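What follows is each chain in one-letter form.
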Amino acid sequence: MAKHDPLDTVLKLAKEAEEQAGLQLKSAQLMLQKCQSQLEALRNYRLDYMKQMENHHGKNISASYYHQFHQFVRQIDEAITKQISSIQEADSQREHRQKYWQEMQQKRKAVELLLSHKADKAQQAELRREQKMTDEFASQLFYRKRAR
């Protein structure tokens, strides 16, 4: 039975860490998309509300209605500002998680490279051993034929 290489365990752990980092990145990307969709919805809502007020243009509206309208638009604008801040935060989180995922990917690739080099060296050693055995067999055969 071939002996277990500790690098195989390290590779397994590196793959798991990369996968976990990938899931976290995906989660951050989804959160960013959600925040962007919410911002778009707020902007559309504000636009629709402004269009409603535009439809009242030329009609008599009370001062209190006009005041409430502007107060509501201000609240929507504040919500938009907060949502923009949330998007910036979510994007920052996404960038952080992307860098972490890339680091985990590099670590996995480094371990795979080490294992590959190790396998290449083992194969070269095996080929040298086989060549040595073949050479030894050929020289023994040669000496036996000469001895006759």
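Residues numbered from 1 in each chain as written. Predicted model: local features only at pLDDT ≥ 70, side-chain atom pairs only at ≥ 80, totals over all residues. Heavy atoms only, no water.

A.B. asks: Could you clarify how one ought to interpret the side chain of D5 in this entry?
C.D. replies: Inspection of the secondary structure assignment puts D5 in the segment before α1 (6-55). Residue class for D5 comes out buried when judged on its relative accessible area of 16%. A polar atom in the side chain of D5 sits 2.9 Å from the backbone nitrogen of L7. Leave out the neighbours within four places in its chain, and D5 touches L115 and K118. (Helix = DSSP H or I, 4+ residues; strand = E, 2+ residues; numbered from the N terminus. Buried < 20%, exposed > 50% of the residue type's maximum accessible area, 1.4 Å probe, protein only. Polar contact = N/O pair within 3.5 Å; in protein donor to acceptor, adjacent residues only side chain to side chain. Contact = heavy atoms within 4.5 Å.)

A.B. asks: What should I look at first to understand the nonpolar core in this one?
C.D. replies: Within soluble globular proteins, side chains that are nonpolar tend to cluster in buried spots. Within the largest apolar cluster, seven residues are counted, these being L32, C35, L39, I76, I80, I87 and A90. The leading source of residues in this core is helix α2 (residues 63-147), at four residues. (Core = buried A, V, L, I, M, F, W, Y, C linked by side-chain atoms within 4.5 Å.)

A.B. asks: Help me understand α1 in this model?
C.D. replies: Given 3.6 residues to a turn, an α-helix orients residues that are three or four positions apart in the same direction. In a regular helix each residue adds 1.5 Å, so 50 residues correspond to 74 Å; α1 covers 74 Å between its end C-alpha atoms and thus fits that length. Residues of α1 that are buried include every one of L7, L11, A14, E18, A21, L25, A28, L32, C35, L39, Y49 and M53, and no others. Buried residues along α1 sit against α2. Near the N-terminus of α1, the side chain that reaches the backbone nitrogen of L7, with its oxygen 2.9 Å away, is that of D5. (Expected span 1.5 Å × (residues − 1).)

A.B. asks: Any chance you could explain the packing of α1 against α2 here in plain terms?
C.D. replies: Helix packing for two helices is described by the angle between their axes and how far apart those axes are. Between α1 and α2, the least distance of the axes is 7 Å, while the angle of their chain directions is 165 degrees. Relative to α2, the element α1 lies roughly antiparallel. Where α1 crosses over α2, the two elements pack in a sense that is left-handed. Split by residue class, the contact of α1 with α2 holds 34 nonpolar, eleven polar and twelve charged. (Axes fitted to C-alpha atoms, helices over the stretch in contact; angles between N-to-C directions. Parallel < 35°, antiparallel > 145°, perpendicular 65-115°, else oblique. Left-handed = near helix turned anticlockwise from the far one by under 90°. Nonpolar A, V, L, I, M, F, W, Y, C, P; charged D, E, K, R; others polar.)

A.B. asks: I keep staring at α2 and nothing clicks. Help me out?
C.D. replies: Given a rise of 1.5 Å per residue, 85 residues ought to cover 126 Å, and the 124 Å separating the end C-alpha atoms of α2 matches this to within 8%. What α2 keeps buried is the set F69, V73, I76, I80, Q83, I87, A90, R94, M104, R108, V111 and L115. Summarising the contacts, the buried residues of α2 are in contact with α1.

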